[in-house]
Amino acid sequence: MTVVYPLRLFLDCSTAHLSPAARSYVDRTDVVASPTPYGWFVWASEEPGDGVPPDILAIMAYARSLGAEYVNFDCDADEIDGLQTFDWD
């Protein structure tokens, strides 16, 4: 008997791709984002609704184009060519 487990993909993405507004957004919402010790785990919604910062919308769309349902924003993850980066200073 073969057991098939549902698997979901996530995009591993540097936190450098989050603007100050996006960082504030993921800190205050628990609907699409959960904090981790190194960043946030975010659902890449196909219909994110109002109030989602443009940089997160772009990353969600990019993740979905690759077949990912989630984005793991990690301070140690690589930056992704073609996505805007922001200075954290």
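You'll find the structure just up there.
What comes next concerns the included structure. In this text, all values refer to a predicted model and were calculated from it rather than measured experimentally. (Residues numbered from 1 in each chain as written. Predicted model: local features only at pLDDT ≥ 70, side-chain atom pairs only at ≥ 80, totals over all residues. Heavy atoms only, no water.)

Quick word on the pairing of strand 2 (residues 33-36)
Threshold: Here, any two strands with at least 2 DSSP bridges between them count as paired. We count a stretch as a helix when DSSP gives it H or I for four or more residues in a row; a strand needs E for two or more, and each element gets its number in order from the N terminus.
In the sheet, strand 2 pairs with strand 3 (residues 39-43) via four bridges, with the strands oriented antiparallel. Across the sheet, the residue bridging to Ser34 is Phe41, located in strand 3. Between the end of strand 2 and the start of strand 3, which pair antiparallel, lie two residues.

Thoughts on the nonpolar core
Rule in force here: In plain words, nonpolar cores are sets of buried Ala, Val, Leu, Ile, Met, Phe, Trp, Tyr and Cys residues tied together by side-chain atoms within 4.5 Å. Only protein chains enter the accessibility calculation, which uses a 1.4 Å probe. A residue is then buried if its area is under 20% of the maximum for its type, exposed if over 50%, and partly exposed in between. The criterion used for residue contact is that any of the two residues' heavy atoms lie within 4.5 Å.
Counting residues in each nonpolar core, the largest one holds 21 residues, and the members touching the most others are Ile56 and Phe73. Here the element with the most residues in this core is helix 2 (residues 54-65); it accounts for four residues. The contact partners of Phe73, leaving out residues within four places of it in the chain, are Cys13, Ser14, Thr15, Leu18, Thr36, Tyr38, Gly39, Trp40, Val42 and Ile59.

Function cannot be read off these values alone, since they describe shape.
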